[in-house]
Amino acid sequence: MEVIKQASAIREIVQELRCSGKRIGFVPTMGALHEGHLSLLRASAQDNDITICSIFVNPTQFNNAEDYSLYPRTLAQDVELLKTVGCDYVFAPVAQDIYPQQSLLQFSFGPLEAVMEGEHRPGHFNGVATVVGKLFHLVQPHRAYFGQKDLQQVAIVKQLVLGLSFDVELVRYPTLREPDGLALSSRNKRLSPEQRQLAVSLYKALQLAKGLLPLKPVTSIKEAVAAYLQGIDQVQLEYFEIAHPDTLQPLAQAQGEPEVALCIAAFVGEVRLIDNILVNLNEAQIVA
Ligand code: AMP
């Protein structure tokens, strides 16, 4: 496995790989790798000839300077982990190489970015689209792997790929969780032991909502989720939505939809966490 720092170097490597007919799988990350990231890498190593992982804490997608500066950076440890999952190249550029000048590009994703993460983190998806576009140009993958954990991000990248005709197949991979249900996230590293225990309440709120889906209207389910989290110390709900799984638009009622996305964002202390589950409504009815 090689660690590549320069954009010009990864370009050259990729060009040679493509000329020799290799199929390239790509997993973009911001590092501080955990089993969730590694599951995407294992899938890529299985499906493709070559796997490239990028590690880049992208400044343009942070709408909060403190969140950017406190984001965990563990490159040496990440490189050791990547050696164990069939990764061939780690692309770990510095910001100056990716952004030689201030990025002024503006994307618009219409209604998709008006809700949830788009609404609560202004500029976030513009930064995501900018960096993913740049990385796709540099790495030129045949397939790119993204986690369902960031469901709205997958939808944004899908629109980016269609909108700019990138020749990339997107693969959405399920969310890996701790045994108690907490979704793995690099930000979990910032939780105190006590907050770590409380953080599982996001997953529990999603399960509560799933159980209520066949029984209650959307407004009552939202109230139940808000009331549940209000009772938990240090946890501050930012949003809970019942949304269409592809458009991510909030649904006024779930009945008649084959599948819905339950999406949540909350602060646990100072740490902002997100999670979601997809619920097949027929199954939910049987369970209920
Ligand atoms: P990040 O480093 O947070 O930008 O994440 C890099 C990729 O890993 C994104 O496509 C995420 O959706 C994905 N990812 C993050 N957490 C998980 C998880 N718990 N399970 C599966 N994939 C994840």
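The text that follows walks through the structure, step by step, so that each part is easy to find. From a predicted model like this one, the values you see are computed outputs, not experimental measurements.

The subject of this paragraph is the pairing of strand S5 (residues 143-147). Of all the 5 residues making up S5, 5 are buried; the element is thus mostly covered by neighbouring parts of the structure. Of the two faces of S5, the one carrying Arg 143, Tyr 145 and Gly 147 and the one carrying Ala 144 and Phe 146 are both buried. Bridge count for strand S2 (residues 24-29) against S5 is 2 bridges, and the pairing is parallel. Paired with Gly 25 across the strands is Arg 143, a residue of S5. With 5 bridges joining them, S5 and strand S6 (residues 169-173) adopt parallel strand pairing. Across the sheet, residue Tyr 145 finds its bridge partner in S6, namely Val 171. Each parallel crossover has a hand, and the one from S5 via helix H8 (residues 151-164) to S6 is right-handed.

Remark: helix H10 (residues 201-212) packs on helix H11 (residues 218-230), axes separated minimally by 10 Å, with the N-to-C direction vectors making an angle of 150°. As summarised for this structure, H10 and H11 are arranged roughly antiparallel, according to the angle between their axes. Viewed along their axes, H10 and H11 form a crossing whose handedness is right-handed. In contact with Ser 201, Lys 204, Ala 205, Leu 208, Ala 209 and Leu 212 of H10, H11 contributes Ile 221, Ala 224, Val 225, Tyr 228 and Leu 229. By residue class, the composition of the contact of H10 with H11 is 9 nonpolar, 1 polar and 1 charged.

A few words on the side chain of Arg 143. Note on placement: Arg 143 falls in strand S5. For Arg 143, a relative accessible area of 19% puts it in the buried group. Of note is the side chain of Arg 143, whose polar atom sits 2.9 Å from the side chain of Asn 48. Those residues within four positions of Arg 143 in sequence are excluded, and the remaining contacts are Ile 24, Gly 25, Phe 26, Asp 47, Asn 48, Val 168, Glu 169 and Val 171.

A few words now on the site of the ligand. The immediate surroundings of the ligand are formed by 17 residues, with Met 30, Gly 147, Asp 150, Leu 176 and Leu 184 found nearest. Between the ligand and Met 30 there is a distance of 2.9 Å, counted from an oxygen atom to a backbone nitrogen or oxygen. Leu 176 places a main-chain nitrogen or oxygen 2.9 Å from a nitrogen atom of the ligand. A total of 480 Å² of accessible area belongs to the ligand in isolation, and the protein chains cover 93% of it. More than half of the atoms of the ligand fall within 2 Å of the grid points belonging to the largest cavity. Mapped by element, the contributors of at least two residues to the shell around the ligand are S2, helix H2 (35-47) and S5. No other element matches H2, which puts 3 residues into the shell around the ligand.

With that settled, the discussion passes to the packing of aromatic side chains. Summed over the entire model, instances satisfying the criterion amount to 7 aromatic pairs. Relative to Phe 146, the ring of Phe 136 has its centre 6.5 Å away and its plane inclined at 75°; by these criteria the two rings are edge-to-face. Separated by 10 residues along the polypeptide, Phe 136 in helix H7 (residues 124-139) and Phe 146 in strand S5 bring together distant segments of the chain. Judged by relative accessible area, which is 2%, Phe 136 ranks as buried. Residue classification places Phe 146 among the buried residues on the basis of a relative accessible area of 4%. A connected cluster of aromatic rings, assembled from ring pairs, spans Phe 26, Phe 136, Phe 146 and Phe 166. Its end group placed over the ring of Tyr 68, Arg 73 keeps NZ or CZ at 4.8 Å from the ring centre.

This part takes up the sheet that holds strand S1 (residues 2-4). Reading across from one edge, S1-S4-S3-S2-S5-S6 is the order of the 6 strands in this open sheet, with parallel pairing throughout. Taken across any chain shown, the strands that pair with only one partner, and hence form the sheet edges, are S1 and S6. On average, adjacent strands in this sheet sit at an angle of 25° to one another, irrespective of strand direction. Where helix H4 (residues 75-82) meets the sheet, it contacts S1, strand S3 (50-55) and strand S4 (89-91), and its direction lies at approximately 165° from that of S3.

This part covers empty space enclosed by the protein. Summed over all chains, the structure comprises 2 cavities of 30 Å³ or more. Reported here for the largest cavity is a volume of approximately 880 Å³. Taken together, 49 residues make up the lining of the largest cavity; nearest its centre are Met 30, His 37, Lys 149, Asp 150 and Gln 153. For the lining of the largest cavity, the secondary-structure elements that each account for two or more residues are S2, H2, helix H6 (116-120), H7, S5, H8, strand S8 (259-268) and strand S9 (271-280). The greatest single-element share of the lining of the largest cavity, amounting to 6 residues, is contributed by H7. Residues belonging to the lining of the largest cavity are distributed by class as follows: 25 nonpolar, 16 polar and 8 charged. Looking at the lining of the largest cavity, you find at least three residues from each of domain 1 (2-173) and domain 2 (186-286). Each pocket or cavity is described by its volume, and for the second largest cavity that value is around 60 Å³. If you go around the second largest cavity, the residues you meet are Lys 149, Gly 181, Leu 182, Ala 183, Ser 185, Asn 188, Ala 199, Leu 202, Tyr 203, Leu 273, Ile 274 and Asp 275.

Conventions adopted
Residues numbered from 1 in each chain as written. Predicted model: local features only at pLDDT ≥ 70, side-chain atom pairs only at ≥ 80, totals over all residues. Heavy atoms only, no water. Buried < 20%, exposed > 50% of the residue type's maximum accessible area, 1.4 Å probe, protein only. Helix = DSSP H or I, 4+ residues; strand = E, 2+ residues; numbered from the N terminus. Pairing = 2+ DSSP bridges. Right-handed = clockwise from strand over helix to strand, strands pointing away. Axes fitted to C-alpha atoms, helices over the stretch in contact; angles between N-to-C directions. Parallel < 35°, antiparallel > 145°, perpendicular 65-115°, else oblique. Left-handed = near helix turned anticlockwise from the far one by under 90°. Contact = heavy atoms within 4.5 Å. Nonpolar A, V, L, I, M, F, W, Y, C, P; charged D, E, K, R; others polar. Polar contact = N/O pair within 3.5 Å; in protein donor to acceptor, adjacent residues only side chain to side chain. Near = heavy atom within 4 Å. Areas by Shrake-Rupley, 256 points an atom, 1.4 Å probe, with all protein chains shown as cover. 1 Å grid on protein atoms, 1.4 Å probe; cavity = no way out; pocket = protein on both sides within 12 Å on 5 of 7 lines; lining within 4 Å. Sits in = over half its atoms within 2 Å of the grid points. Phe/Tyr/Trp six-rings, centres within 6.5 Å; stacked < 30°, edge-to-face > 60°. Lys NZ or Arg CZ within 6 Å of the ring centre and 35° of its normal. Points joined across faces, edges and corners; volume = space filled by probe spheres on them. Domains from an automatic or database assignment.

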